[in-house]
Amino acid sequence: MTGFEPFGGDTVNESWQATTALAADWRAARDGAELVVAPLPVTFAAGPAELLRLVRRHAPDVVVATGLAGGTESVRLERVAVNVADARIPDNAGAQPVDEAVVGDGPAAYFSTLPLKAAWSAVRSDGVPATVSNTAGTYVCNATFYALQHALAGRPAVRSGFVHVPRAAQLDAASSARGLRAVVLTATAAVRGELSEPRIAAGAEH
């Protein structure tokens, strides 16, 4: 699981706060599976590259990248990564791509391979607000999500995807961490063949 460093003038990034809170709780809870966490730089070049380096190094069964979504009040399970980088603000290295492909020869989009509906239900059952989102934006979060799915497209046994968490003013780090924990545990259960996706509606109204 990864979170991001601060960007855009912020001094913290809630995705990394929630990820580290989950890691501390995970070690204490002895959940059985090893959890590796790492921060990613908020740059279009280094963010995806670092995540792919970690995937090669650790060969995980589940990859959950997380990021901050300032305009949400819930844990957002992202369904789709699109092959577009269109930055409203520069990244932390000063790059500001406009209407560029994340991967030059890649398809238009990839779907998450996390069990989204099962995870959505599990997060909500833990008392944490959750939504299934159909856009991860066009900034570094989406670029990292797309690069991850592109790299793992030929490895269907690995469950991977992206989750956005809100700012602390909307949801505290402990609650976001509980939501992320539910996502990870649901995904690991799917890898073990212990669950199937429920057929429940969680789509957008527009």
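Predicted model only: the values in this text are computed from it and were never measured.

### Regarding the pairing of strand β3 (residues 62-68)
- Extensive coverage of β3 is indicated by the burial of seven of its seven residues.
- A two-sided burial pattern is seen for β3, the buried positions comprising Val62, Val64, Thr66 and Leu68 on one face and Val63, Ala65 and Gly67 on the other.
- Pairing of β3 with strand β8 (residues 159-165) involves seven bridges; the strand directions are parallel. From the neighbouring strand, Ala65 faces β8, where its bridge partner is Phe162.

### What to know about the pattern of salt bridges
- Within the structure shown, the criterion is met by five salt bridges.
- Here Asp25 and Arg181 are joined by a salt bridge, their closest N and O atoms 2.8 Å apart. With Asp25 in helix α1 (residues 14-29) and Arg181 in helix α5 (residues 173-191), the pair connects residues that are 156 residues apart, well separated along the chain.
- According to the relative accessible area criterion, Asp25 is partly exposed, its value standing at 38%.
- Close ionic contact of Glu50 with Arg53 constitutes a salt bridge, the shortest N to O distance being 2.8 Å.

### Focus: the pairing of β8
- Of all the seven residues making up β8, six are buried; the element is thus mostly covered by neighbouring parts of the structure.
- Bridging between strand β4 (residues 75-78) and β8 involves three bridges; their strand directions are antiparallel. Following the sheet pairing, Glu78 is matched in β8 by Phe162.

### Focus on the nonpolar core
- Phe4, Phe44, Leu51, Val63 and Tyr139 are the most contacted members of the largest nonpolar core, which has 28 residues in total.
- Breaking this core down by element, the ones donating at least two residues are β2 (38-40), α2 (46-58), β3 and α4 (140-151).
- The contact partners of Phe4, leaving out residues within four places of it in the chain, are Asn13, Ser15, Trp16, Leu40, Pro41, Val42, Thr66, Gly67, Val140, Cys141, Thr144 and Phe162.
- In this structure, Val62, Val64, Leu116 and Ala130 belong to the second largest nonpolar core, which totals 26 residues.

### Points about the packing of aromatic side chains
- Taken as a whole, this structure holds four aromatic pairs when the rule is applied.
- Between Phe44 and Tyr139, the ring centres sit 5.5 Å apart and the planes meet at 90°, which makes this aromatic pair edge-to-face. Of this pair, Phe44 sits in the loop between β2 and α2 while Tyr139 sits in the loop between β7 (130-133) and α4, and the two are 95 residues apart along the sequence. Comparing Phe44 with Tyr139, the two get one shared label, buried.
- Taking 5.0 Å as the distance between ring centres and 55° as the angle between the ring planes, the aromatic pair formed by Tyr110 and Tyr146 counts as tilted.

What counts as what
- Residues numbered from 1 in each chain as written.
- Predicted model: local features only at pLDDT ≥ 70, side-chain atom pairs only at ≥ 80, totals over all residues.
- Heavy atoms only, no water.
- Buried < 20%, exposed > 50% of the residue type's maximum accessible area, 1.4 Å probe, protein only.
- Helix = DSSP H or I, 4+ residues; strand = E, 2+ residues; numbered from the N terminus.
- Pairing = 2+ DSSP bridges.
- Salt bridge = Lys/Arg side-chain N within 4 Å of Asp/Glu carboxyl O.
- Core = buried A, V, L, I, M, F, W, Y, C linked by side-chain atoms within 4.5 Å.
- Contact = heavy atoms within 4.5 Å.
- Phe/Tyr/Trp six-rings, centres within 6.5 Å; stacked < 30°, edge-to-face > 60°.

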